[in-house]
Amino acid sequence: MPSARELLDRVERHCLAEQTAKRLREMVLADLRTAVSFDGHVFMLTDPVTRIGTSPVADLPGLPWSRLPELVRLRYLTEFTRWSDLLERGTAATSLRIATGGDPARSRVWREVQRELGVFDTATVVFGDRYGCWGFLELLRRIPRAFDPTQLTTLAALAAPIARGLRAALGRTFVAEAGGLAPAGPATVVLGPDLRMRGQTPAAAAALLRLNPPQEAMPPIPNSVYNAGAALLAAEHGTPVGPPWSRVHLGGARWLTVRADRVGTEDIAVSLTPSTPAERLDLFARTHALSAGETEVLDLLAAGLESHRMAGDLGISEPAVLDRVKAILAKSGVRTRQGLLDRALGIT
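Residues numbered from 1 in each chain as written. Predicted model: local features only at pLDDT ≥ 70, side-chain atom pairs only at ≥ 80, totals over all residues. Heavy atoms only, no water.

A. The arrangement of the packing of aromatic side chains in detail. Tallying each qualifying case throughout the model produces five aromatic pairs. Between the aromatic rings of Phe-43 and Phe-127, the centroid separation amounts to 5.5 Å while the plane-to-plane angle is 35°, which identifies the pairing as tilted. In this pair, Phe-43 is assigned in strand β1 (residues 40-46) and Phe-127 in strand β4 (residues 121-129), connecting sequence segments 84 residues apart. For the pair shown, Phe-43 and Phe-127 are each scored as buried. A ring pair is formed by Phe-174 and Trp-255, whose centres lie 5.9 Å apart and whose planes are at 15°; its orientation type is stacked. Remark: Trp-255 occurs in strand β9 (residues 254-263) and Phe-174 occurs in the loop between α8 (159-171) and β6 (188-191); sequence separation between them is 81 residues. The two residues Phe-174 and Trp-255 agree in class, both being buried. By the ring-pair criterion, three or more aromatic residues cluster together here, those being Tyr-76, Trp-83 and Phe-136. For Arg-97, the ring lying beneath its charged end belongs to Phe-120, and the centroid distance is 3.7 Å. (Phe/Tyr/Trp six-rings, centres within 6.5 Å; stacked < 30°, edge-to-face > 60°. Helix = DSSP H or I, 4+ residues; strand = E, 2+ residues; numbered from the N terminus. Buried < 20%, exposed > 50% of the residue type's maximum accessible area, 1.4 Å probe, protein only. Lys NZ or Arg CZ within 6 Å of the ring centre and 35° of its normal.)

Dropping the structure here:
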């Protein structure tokens, strides 16, 4: 069994390597198994702004796919160990037993779902930095043994490097790529109050296929759709995680925005549309760790302004604008302004 220092060193090396976000999470989980025993896991990416879940790497023994919507809904409605609450409290990691004072029945998601799965304790780690919330990890134990404070300290020490690793991995998705974004037309999935699908527009089937490729053993509705719907329900119940929308990576340079809204008194409409230029620029700036001033310059570059115009709009000198442009190019790993915009906006 590796020491806490050895585990941290391994994870930091993984985070510095140019892995995809999925592969990075798989490697971290493999190392964690050698140091902290667990029987199930959910390693979720989140939108950095809204903190809404997008793409999971998960293994939940005993959970039928038919109960996945219920589990997601209750996870958002239960504030104990919820990743967004940990982030707001400045707590990197905690456990269900600690958060509930030793009484997990106080947790609705445990009481209504996890207890039936034989879950005894869970440990949750949130991965956030100054640029946003990049994901969270929930480890589940079915054996009657709680996560101890030493293990939680070990997990908390991994939060910062994993946040940087996930952010960098998402930044590498911004590449110039041929091909259009899907869906081409309006794509909407209608969910009931239990988050089960009630209908969809014709374009939604193609959009869901892109989010949910057939080689993946996944349910008919991608997790990102459930998460957006659950976020809306949580907000309506007065326990919000964040606005009910998220940006989901489709592969290559493609990003999709998933957004939930109320239809009538019961149904929830979840729309799937290509992320707008503004949504992409914001995500590009965050994943590449741009400062506030650099982000302003990026937005003005995308609007087509020359350096002297940007200087006037920002109230700074033109050399200062050029310095910010150079910093953006260096952080993005591109040489020209046009190359920068091609990546940020997904221009072919």
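B. Summary view of the pairing of β6. Residues of β6 alternate between two faces, with Val-189 and Leu-191 buried on one and Thr-188 and Val-190 left unburied on the opposite face. One ladder, built from four bridges, connects β6 with strand β10 (residues 267-274); its direction is antiparallel. Across the sheet, Thr-188 pairs through a bridge with Ser-271, a residue of β10. Where β6 lies against strand β7 (residues 197-200), three bridges are found, and the strand directions are antiparallel. Considered in β7, the bridge of Val-189 is made with Gln-200. Between the antiparallel neighbours β6 and β7 lie five residues, among them Leu-195 with a positive phi of about 70°. (Pairing = 2+ DSSP bridges.)

C. Spotlight on helix α7 (residues 149-157). Among all positions of α7, only Gln-151, Leu-152, Thr-154 and Leu-155 are buried. Viewed end-on, α7 has its buried residues packed into an arc of 155°, placing them on one side of the element. Of the exposed residues in α7, the ones pointing more than 90 degrees away from its buried face are Pro-149, Thr-150 and Thr-153. Capping the start of α7 is the job of one residue whose side-chain oxygen sits 3.0 Å from the backbone nitrogen of Thr-150: Asp-148. (Arc of directions from axis to C-beta. Polar contact = N/O pair within 3.5 Å; in protein donor to acceptor, adjacent residues only side chain to side chain.)

D. Spotlight on unusual backbone geometry. For Arg-51, which is not glycine, the phi torsion reads 70° and is therefore positive. Inspection of the secondary structure puts Arg-51 in the loop between β1 and β2 (53-59). Look at Leu-195: it is not a glycine, yet its phi comes out positive at around 70°. One can find Leu-195 in the loop between β6 and β7.

E. Seen up close, the nonpolar core. Residues Phe-43, Phe-127 and Ile-162 are the most contacted members of the largest nonpolar core, which totals 56 residues. Looking at which element gives the most residues to this core, the answer is α8, with six residues. Judged by nonpolar contacts, the second largest core, of 48 residues, contains Phe-136, Val-225, Ala-228 and Leu-233. (Core = buried A, V, L, I, M, F, W, Y, C linked by side-chain atoms within 4.5 Å.)

F. Up close: the environment of Leu-329. Turning to its location among the elements, Leu-329 is positioned in helix α14 (residues 318-332). In this structure the C-alpha to C-alpha distance between Leu-329 and Asp-299, which are 30 residues apart in sequence, comes to 14 Å. With near-sequence residues (within four places) excluded, Leu-329 lies in contact with Val-334, Arg-335, Thr-336, Arg-337 and Leu-340. (Contact = heavy atoms within 4.5 Å.)

G. Structural detail: the pattern of salt bridges. What the rule picks out here adds up to 22 salt bridges. Ionic pairing is found between Glu-88 and Arg-51, a salt bridge with its closest N-O pair at 3.0 Å. Here Glu-88 is found in helix α4 (residues 83-89), whereas its partner Arg-51 is found in the loop between β1 and β2, with 37 residues between them in sequence. A salt bridge links Glu-112 to Arg-108; the shortest N-O distance between them is 2.8 Å. Of this pair, Glu-112 and Arg-108 both sit in helix α6 (residues 108-114), four residues apart, which is roughly one turn of the helix. (Salt bridge = Lys/Arg side-chain N within 4 Å of Asp/Glu carboxyl O.)

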